[in-house]
Each structure stands twice: as C-alpha cells, then as structure tokens.
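Per-entry structural report
What follows is the residue order along each chain.
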Amino acid sequence: MIKAVNITKDFGANTVLKDISTTINHGEVVAIIGPSGSGKSTFLRCLNLLEEPTSGNIFINDKKITDKKIDKLAIRKNIGMVFQHFHLFPHMTVLENVAYAPQKVKKLSKTEAESIANKLLDKVGLTDKVAAYPNRLSGGQKQRVAIARALAMEPEIMLFDEPTSALDPEMVKEVLDVMKDLVDTGMTMVIVTHEMNFAKEVADKVLFLADGVLVEEGRPQEFFNHPKTERAQDFLAKVL
Amino acid sequence: MNLDFSQIVPYIPFMIEGIWVTLGFVFVSILIGLILGIILALFKITKSKLLIGVADVYTSIFRGTPLILQLMIIYFAIPQLTGYDIGAFVSAIMAFGLNSAAYVSEIIRAGIMAVDRGQIEAAEALGVSYRPMMQNIILPQAVKNILPALMNEFITLTKESAIVSTIGYLDLMRRAQIVGADIYRNFEPLLFVGAIYWVMVFVLTKLGKAAERRLRQSD
Ligand SMILES: Nc1ncnc2c1ncn2[C@@H]1O[C@H](COP(=O)(O)OP(=O)(O)OP(=O)(O)O)[C@@H](O)[C@H]1O
Ligand SMILES: [Mg+2]
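Residues numbered from 1 in each chain as written. Chains lettered and ligands numbered in written order. Predicted model: local features only at pLDDT ≥ 70, side-chain atom pairs only at ≥ 80, totals over all residues. Heavy atoms only, no water.

Per an unreviewed UniProt entry, chain B carries the name Arginine ABC transporter permease and comes from Oceanobacillus chungangensis. In its Subcellular location (unreviewed entry) section, the UniProt entry covering chain B states "Cell membrane". What UniProt states about chain B under its Sequence similarities (unreviewed entry) heading is, verbatim, "Belongs to the binding-protein-dependent transport system permease family. HisMQ subfamily." (UniProt positions renumbered as here; feature names shortened; annotations may be inferred.)

In the annotation of an unreviewed UniProt entry, the entry for chain A reads Peptide ABC transporter ATP-binding protein, and the organism field reads Oceanobacillus chungangensis.

1. Comments concerning helix H4 (residues 110–123) of chain A
All names here are of chain A. Compared with an ideal rise of 1.5 Å per residue, which puts 14 residues at 20 Å, H4 spans 20 Å between its outermost C-alpha atoms and is within 8% of the ideal. Buried residues along H4 sit in contact with helix H3 (94–104) and helix H5 (139–151). Directly after H4, the chain includes glycine 125, whose backbone phi takes a positive value near 75 degrees. (Helix = DSSP H or I, 4+ residues; strand = E, 2+ residues; numbered from the N terminus. Expected span 1.5 Å × (residues − 1). Contact = heavy atoms within 4.5 Å.)

2. A few points about the UniProt feature "transmembrane region" (unreviewed entry) in chain B
All names here are of chain B. Under the present numbering, the feature "transmembrane region" (unreviewed entry) in UniProt falls on residues 20–43, 50–78, 84–104 and 190–208. Spanning residues 50–78, this segment combines 93% helix with 0% strand, and its end C-alpha atoms are found 27 Å apart. Taken end to end, residues 190–208 has its terminal C-alpha atoms 27 Å apart, with 100% of it in helix and 0% in strand.

3. With respect to the side chain of glutamine 141 of chain A
All names here are of chain A. Along the chain, glutamine 141 turns up in helix H5. At a separation of 2.9 Å, a polar atom in the side chain of glutamine 141 contacts the main-chain amide nitrogen of serine 138. With near-sequence residues (within four places) excluded, glutamine 141 lies in contact with Leu126, Lys129 and Glu174. (Polar contact = N/O pair within 3.5 Å; in protein donor to acceptor, adjacent residues only side chain to side chain.)

4. Details of the packing of aromatic side chains
Residues and elements named next belong to chain B. In the structure shown here, the tally under the stated rule is ten aromatic pairs over all chains. Between the aromatic rings of phenylalanine 25 and phenylalanine 96, the centroid separation amounts to 5.3 Å while the plane-to-plane angle is 80 degrees, which identifies the pairing as edge-to-face. Of this pair, phenylalanine 25 sits in helix H1 (residues 12–44) while phenylalanine 96 sits in helix H4 (residues 87–113); the two residues are 71 residues apart in sequence, bridging distant segments of the chain. Take phenylalanine 25: its relative accessible area is 0%, and that puts it in the buried class. Summarising the aromatic geometry, the rings of tryptophan 198 and phenylalanine 202 are spaced 5.2 Å apart at their centres and angled 25 degrees between planes, so their arrangement reads as stacked. Linking tryptophan 198 with phenylalanine 202, this pair stays in helix H8 (residues 187–215), spanning four residues, or about one helical turn. (Phe/Tyr/Trp six-rings, centres within 6.5 Å; stacked < 30°, edge-to-face > 60°. Buried < 20%, exposed > 50% of the residue type's maximum accessible area, 1.4 Å probe, protein only.)

Spelled out as structure tokens, the structure:
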C-alpha cells in the first residue's frame, strides 16, 4: 500500500506539486493523467524517491520512506520503474540488461539471474532477442525489455512514466498488452499515461493532476463519463 | 639551398637514443597524469564542495599558466626553496604529469557527464548502489566519450615534451640542438627529429583509432 500525505515539491521558486494526498491499495492499478507540465512525472518519481518531496510524507506498507534516515536503495528494490525513453543499458545485451540488477542488488548467481531473465523475456515475447544489443531493437521491443528488467527484481509495485509515449503507433499495443498481463497478475501499478482508453480499461482509479494539484480522483467510469470539475471537463474534451 | 644529410649520419644513433628518452618520460608523465587525473575527476563528480573546490583550483592553475613556466618553477625554484636538487628527469615528469592531470581530469569529468542522466536514474530505480553503478554502467559508457579526447591529450603531450630541452634534459629535441651546434648545421638534425616526432604521433593516432573501433563494437 502506498500512502502519500500532503506532498509538496518545489524546484527553486517553482512549486510543481501542491499538497497532494492519496492512497493506493495493494493490487490496485492507478492511472495518473493530466496536461503536460502538471507534475505527473514528478509525483511518480517521488514514490521511488528519484525526487525528494519538499514537504509531506510517503508511506509504503506503513513504512515512512520520506524519513531522512531511510535506505533509499532498499526501498527502490521493491519498486520497479519504467521510463518513457526506456533507458536500457546500451553496452549490455538484452539478457544482461535484465539479469544485471538481480546479480548486483540481490546477489543472485549469474545462472539464477539469467534463468529469471530468460523467463521474463519469454513472457514479454522476446526470447529471440536475448543476445541482441538494445540499439538493434524497435521501440516497442526496448520497452518490453525495460519492463522485464524492472520485473526481474520481483518488485511489489511498478511505476510507469508514459511507457508508450515515445513509441510509433503500431508498437503501442504490444507494450500495453504486456502491461495488461501484468495487471492480471495482481501487481500494484501506478501509470502516468496519455492512453485514455487503456486507463479506462485497466485502471481501478484515475488521478487527474493539473498545475500540481490533485484536482480529481475516482473510478474511471465516473471520471471519464462525469468529470466533476471544469478543469477535468476541459482536459477530457481536448483528449477524448 | 644545400641540404647535406651525410654529416648527421654519425650522430644518428645519438639522436635515435633520444626516442627512448622522450618516450620514457612521456610514458611516465602520462601515467602520472592519468592516475592523478582520475583521482581529480572523481573529486569533481562528488557532492563534496571541498573536494570539488580542490580539484577545480588545481585544474585552473595548471591550465591557466604556461607549461614551460611550470617546468621552470619545478626545475629551478624547488631546488632554490628546498636546497634539494631534483634533476631534469624528475622535474620533467612532475611538470608534465601534474599538468596533464589537469587536462585529463577535465576530459574524464566531461566524459562522465556526457553519459545520459537516464542511465543513472535507471540504475538507481533498480536499487543499484553507487560503486557498481559507476563501474558497470556509467564508466563503460563514459570511456567511449573519454578515449578519443584522451588520445589527443597524449599526442599533445608527446609533442609538447620537446620543451624539456630547455632544462637540458637529453630528449630528442635537445639532441637535435646538440648535433646542430656540433656540425654548424641546424636544418638537417631538426628535420630528422621532426620526422621522428611525426612518426610517433602517427603511431599514437593509429593506436587510438584502433582502440576506439574496438570499443564501438557494441554499437
Ligand atoms: N529537475 C527539475 N528541475 C526544475 N524543474 C523541473 C524539474 N523536473 C520537472 N520540473 C518542472 O516541474 C513541472 C512539472 O514537470 P513534470 O515533468 O512532473 O510534468 P508532467 O506532468 O510529467 O509533464 P509531461 O506530460 O510533459 O511529462 C514542469 O514545469 C517542469 O518544468
Ligand atoms: Mg512527464
């Protein structure tokens, strides 16, 4: 369970998150949507401490991760993250990309790590690419490797920051399909996305951010069909 | 114009020996520059203001003054201060090593900074700690940025090494001057060692290109 309490984030004089509070339950799939620059990525990145909130607290399974003395790396082991631009390690093969963290962080043997990696790469449909370097892959393939890489740490929570925004349209589906499989496993997922149909279909809850404020929060049915605020109505009118 | 290379023939072994003298002290200087440069670069990428300050002041001094001045200070001023004569070789490797470290540290720092920030974030998000992240993820990528510039620095150092002739160190350059004084002809010995410098730089360039090509294989 993730609990954010009064999260505020400043970049210099610029306040990009304003007093955001929300709870994400175990096994829930949450879609974060909102206009560009509204603070979606920043909020997501606070959840694994890639950004430190200026004030407010975040609890994961009742553990206060915003505590000054917290071991950030230990927290991150349990939270996978998938980036818009993949950030695969270009000098490692696909298999090495996926097997790296289990070896270095969890101290698994190479054989164990590679066996986990092979299984995951099979799940995301990339068995034939294990020996390839990332620059030989299409965007959709890269993102599937990135998902496998994050899953190899067997995290309890997965964060996605616009995982399909950098992809050519014909590759969006293959990535969303992998994510849907993940939803079916009961993974807790927080997804920043512009794919409204996907959000409608898989999310248990939608968070709508605008100008750093959590303007609306609710079930996708309600939110998409009956947005309460004018801000959300405007936004949906533009994107739907 | 009458060139007469026959007169320098007896001096050729003497000049050729200069190759090893030059290469020897250039090699030691590069080694010092590389080790110290790596340490300074590591200072520069820490979060410690003190370490960054030390490294930046160091770099600024050694890049901001003429190399020949640094050489003179080490060769003439240190003995004057300490009463201890450190000799031409030690002066030469100190001046070139310390000077090169400043440039090398900048090259390494820039090479590390040029690695996509997303790589650090990806590693951090996986829970990878600083050391393995640097060793396995950042540095292998930084090396590709660093190597060509580093090769240039070594080439520059090899050529600039000729100024140690000013403190009487018997390098290639100095030997050409001695031969010139001996036979009252300067052009031939200078041309001769000039060709040698050119060949050395040519070989270094080729070695650098080969190393670069090997590194690019994963691209
Ligand atoms: N490291 C940073 N330093 C300074 N300002 C930043 C930094 N990161 C983000 N910002 C600013 O914070 C605001 C929110 O950015 P953020 O990336 O969270 O928005 P977003 O909702 O994810 O937008 P997009 O849909 O374009 O990805 C923006 O105004 C951005 O310029
Ligand atoms: Mg964003």
